[in-house]
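# Close look at the chain arrangement
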Amino acid sequence: IGYHAFENCSGLTSITIPNSVSSIEAYAFCGCDGLTSITIPNSVTSIGSNAFEGCSGLTSVIFNAENCETMGSLSYPVFMYCTKLSSVTIGENVKIVPDYAFDGCDGLTSVTIGNSVTSIGSGVFFGCTSLESINIPNSISDIKELTFAGCSSLKSITIPTTIKRIEKFAFANCNSLKSITYLGRKVQWAKIKMDIYTKLILSTTIIHCLDGEIVP
């Protein structure tokens, strides 16, 4: 789907993207404020910057792109100004959620991530200020830089024992995050690699684990 293909088609209320589509170029659906939901098929391998910018009526996204590794950027996120986007479902066969995929979706409250996902990129939920809780599947081995940065309403998160590394600023400005549930034990948590920035950010957070509480 080409560059600016359906830009400002405000009367467009629904669209089916066929499995023959391999890329959604920059600004493809920019300003389509009548769209309420979108399913991204498994054939899509890249989504350009601002592809759905200003789709202010968009409430849900089903992300089935199994081989998508490129999705906008920190400066030009795909769903910029999608103020009503409240629900995201990651498809059952998706392995990678690309960097900054849902950056700035400040109305996002519900995220479903399946156990097929092995990698969540940097800044995926950057600035999702309405997101209050999330469960990380046990197929994930690390939490990357800025993944949840700016999720100022995030109150709870569950971290599986498969996590080996939490990168810097992963939880930067998560001011409401006071409690983390870790599904392992204290000794396992101690082996998770964290730099000084991460430790400072989590310094006021109580981590609940199988054999008590960890106060950093």
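This write-up is about the structure you can find in this document. (Residues numbered from 1 in each chain as written. Predicted model: local features only at pLDDT ≥ 70, side-chain atom pairs only at ≥ 80, totals over all residues. Heavy atoms only, no water.)

Let us look at the overall build of the protein chain. Within the protein chain, the secondary structure is distributed over 2 helices and 17 strands. For 216 residues, the compact-globule formula gives about 17 Å, and the C-alpha radius of gyration of the protein chain, at 18 Å, lands near that figure. By its C-alpha atoms, the protein chain is 55 × 30 × 25 Å across when sized along the principal axes. By residue count, 46% of the 216 residues in the protein chain fall in the buried class. Carbon together with sulfur atoms contributes 49% to the accessible area of the protein chain, which is approximately 9600 Å² in total. Distance between charge centres in the protein chain, computed from 13 positive and 17 negative side chains, equals 14 Å. (Helix = DSSP H or I, 4+ residues; strand = E, 2+ residues; numbered from the N terminus. Rg over C-alpha atoms; globule rule 2.2 N^0.38 Å. Buried < 20%, exposed > 50% of the residue type's maximum accessible area, 1.4 Å probe, protein only. Areas by Shrake-Rupley, 256 points an atom, 1.4 Å probe, with all protein chains shown as cover. Lys, Arg positive; Asp, Glu negative; His and termini not counted. Charge placed at Lys NZ, Arg CZ, Asp CG, Glu CD.)

Enumeration over the complete set of coordinates arrives at 11 aromatic pairs. Ring geometry for Y3 against Y27: centres 6.3 Å apart, planes inclined by 80 degrees, an arrangement best described as edge-to-face. Taken as a pair, Y3 in the segment before β1 (23-24) and Y27 in the loop between β1 and β2 (37-40) lie far apart in primary sequence, 24 residues in all. Taking the relative accessible area as the measure of exposure, Y3 reaches 55% and is therefore exposed. (Phe/Tyr/Trp six-rings, centres within 6.5 Å; stacked < 30°, edge-to-face > 60°.)

The topology assignment puts L74 in the loop between β5 (70-71) and β6 (87-90). For L74 and G123, which are 49 residues apart along the polypeptide, the C-alpha to C-alpha distance reads 7.5 Å. Filtering out sequence-adjacent residues up to four positions away, L74 remains in contact with Y100, D103 and F126. (Contact = heavy atoms within 4.5 Å.)

Residue position: T198 is located in helix α2 (residues 196-201). Dropping the residues within four chain positions of it, T198 is found in contact with I166, E167, K168 and F169.

Time to look at the sheet that holds strand β15 (residues 193-194). Read across the sheet, 3 strands follow the order β11-β13-β15 without closing on themselves; strand pairing throughout is parallel. Strands at the two margins of the open sheet, each flanked by one partner only, are β11 (142-143) and β15. Bridge count between β11 and strand β13 (residues 165-166): 2 bridges; the pairing is parallel. Considered in β13, the bridge of I143 is made with I166. (Pairing = 2+ DSSP bridges.)

In the structure shown here, the tally under the stated rule is 2 salt bridges. Taking the shortest distance from any N to any O, the salt bridge between D142 and K144 comes out at 3.2 Å. With relative accessibility at 15%, the residue D142 sits in the buried group. A salt bridge links E167 to R165, with the shortest nitrogen-to-oxygen separation between them at 3.8 Å. By relative accessible area, R165 is classed as partly exposed at 34%. (Salt bridge = Lys/Arg side-chain N within 4 Å of Asp/Glu carboxyl O.)

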